[in-house]
Amino acid sequence: MSVPFILDECAHRRGLEKWLSIGYATAPHFLWSGRTGSGKTAAAKLLLARTILLAPSELQPIELTVIDPKEDVDFNYLNGLPHFYRGDEAPQGFDSFFDGFLRRKTNEDLSRNLKILFVDEFASLVALISDKKEKEDVQRKLGLLLSLSRSRHFSVQLATQQPSAQIFGASGSASREQFGAVCLLGNAGAETQQMLFDADGREQIKKFGSIGGRGVGWLSMNGGIAQPVRVPLIEDMEKLNKVIYDNLSGNLDERGGVAKP
Ligand SMILES: Nc1ncnc2c1ncn2[C@@H]1O[C@H](COP(=O)(O)OP(=O)(O)O)[C@@H](O)[C@H]1O
Ligand SMILES: [Mg+2]
């Protein structure tokens, strides 16, 4: 149940193309981090599109929810689609995804396809909520999704500039280990590295030296040591956007299945 989505940078430097895969059965949750412009959104969209197109049939049709609390221009093309929530609608979108999880957990929903939540800046979603109790509620739900949803074919994919207390640290919220995969793009500060990788990984990063700019960075999967990776160059962003658009607009089975005549 794995989907190749990113390139091994060491192989790339030797002129080889080696893909690394996300394993949805064992480690479905993903955290993208890096400064603005490091390529998080592009990389995250590529993973989503490749999952929609390449995930094995037992996970199909992929059901995507996209939340854009910051109302980034990146997502303008999704305006008005079901399962796309932006700005003030972000908390509602999160609750709706969580309710879907509960329905499957209580066997009210007996389907087994993969449902993915992508939030581009989780901290911004939390910041949109003024009530302290409601804020804590969202963080508690994130913690539950990350710890319980693996075997139920749910995947939470977050992008964040700064892995902060909104995601880690606050009681009831997530820990680094709950994300099966953590990827830090671009050159980042020591504090960010500290939050995301263990001592062995950080040692590796230090030895390797500066990794370069946009779309290149470090990936740790299943608690493994961080390794250098490169996001493939997206030559046709419109095509990629269309895969996500079609999925959110209800054309679920991209591969020509039953969802659409
Ligand atoms: N792998 C890639 N292929 C093509 N263009 C990319 C790639 N990664 C980033 N870009 C482009 O670089 C710019 C910054 O990337 P973006 O994903 O928006 O960064 P971030 O979300 O970290 O701020 C965008 O214009 C994006 O389209
Ligand atoms: Mg972005």
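Undergrad: I keep staring at the overall build of the chain and nothing clicks. Help me out?
TA: Along the backbone of the chain there are eight helices and 10 strands. Its C-alpha radius of gyration of 17 Å places the chain within 12% of the 18 Å reference for a compact globule of 261 residues. For the chain, the spread of C-alpha atoms along the principal axes amounts to about 50 × 45 × 35 Å. Counting all 261 residues of the chain, 51% fall into the buried class. By sequence separation, contacts in the chain at least 24 residues apart represent 68% of the contacts at least 6 residues apart. Working note: accessible area of the chain is about 12000 Å², and carbon and sulfur atoms make up 49% of it. In the chain, which carries 31 positive and 32 negative side-chain charges, the distance between the mean positions of the two groups comes to 5 Å.

Undergrad: Before we go on, may I ask you to explain the confidence of the model for the chain in this structure?
TA: Caution is warranted with low-pLDDT regions, since their predicted coordinates should not be read in detail. Across the chain, pLDDT averages 91, with 93% of residues at or above 70. Low confidence marks residues 256–261, where pLDDT is under 50. Its contacts with residues over four positions away, or in another chain, come to four contacts.

Undergrad: Before we go on, may I ask you to explain unusual backbone geometry in this structure?
TA: Where the residue is not glycine, phi is negative for most of them; where a peptide bond is considered, it is trans in most cases. Residue Pro 61 is bonded to the preceding Gln 60 through a cis peptide linkage, with omega at -5°. For Pro 61, the location among the structural elements is in the loop between helix H2 (40–54) and strand S4 (63–68). For His 153, which is not a glycine, the phi torsion comes out positive at approximately 60°. With respect to the helices, strands and loops of the structure, His 153 is situated in the loop between helix H5 (132–148) and strand S7 (154–160). Phi at Asn 222 takes a positive value of approximately 50°, unusual for a residue other than glycine. By secondary structure assignment, the location of Asn 222 is in the loop between strand S9 (216–221) and strand S10 (227–230). Judged by relative accessible area, which is 56%, Asn 222 ranks as exposed.

Undergrad: How should I be thinking about the sheet that holds strand S1 (residues 2–8) in this particular structure?
TA: Two pairing modes exist for strands in a sheet, parallel and antiparallel, and in both the strands are linked by backbone hydrogen bonds. In spatial order, the strands read S2-S1-S10-S9-S8-S3-S7-S6-S4-S5; together these 10 strands make up an open sheet with mixed pairing. Whereas interior strands pair on both sides, the edge strands pair on one side only; in this sheet they are strand S2 (19–23) and strand S5 (84–86). Taking each pair of neighbouring strands and ignoring which way they run, the sheet shows an average axis angle of 25°.

Undergrad: Explanation requested: H2 in the structure shown.
TA: Along an α-helix, residues three or four positions apart point the same way, because every turn accommodates 3.6 residues. Its 15 residues place the ends of H2 21 Å apart at the C-alpha level, agreeing with the 21 Å of an ideal helix rising 1.5 Å per residue. Counting buried residues along H2, 12 of its 15 residues qualify, which places the element largely inside the surrounding structure. Burial in H2 covers these residues: Lys 40, Thr 41, Ala 43, Ala 44, Lys 45, Leu 46, Leu 47, Leu 48, Ala 49, Arg 50, Thr 51 and Ile 52.

Undergrad: I keep staring at the environment of Gly 34 and nothing clicks. Help me out?
TA: Its location among the elements puts Gly 34 in strand S3 (residues 30–34). Not counting residues within four places of it along the chain, the set of residues in contact with Gly 34 comprises Lys 40, Thr 160, Gln 161, Leu 184 and Leu 185.

What counts, and at which threshold
Residues numbered from 1 in each chain as written. Chains lettered and ligands numbered in written order. Predicted model: local features only at pLDDT ≥ 70, side-chain atom pairs only at ≥ 80, totals over all residues. Heavy atoms only, no water. Helix = DSSP H or I, 4+ residues; strand = E, 2+ residues; numbered from the N terminus. Rg over C-alpha atoms; globule rule 2.2 N^0.38 Å. Buried < 20%, exposed > 50% of the residue type's maximum accessible area, 1.4 Å probe, protein only. Contact = heavy atoms within 4.5 Å. Areas by Shrake-Rupley, 256 points an atom, 1.4 Å probe, with all protein chains shown as cover. Lys, Arg positive; Asp, Glu negative; His and termini not counted. Charge placed at Lys NZ, Arg CZ, Asp CG, Glu CD. pLDDT = per-residue confidence, 0-100. Pairing = 2+ DSSP bridges. Axes fitted to C-alpha atoms, helices over the stretch in contact; angles between N-to-C directions. Expected span 1.5 Å × (residues − 1).

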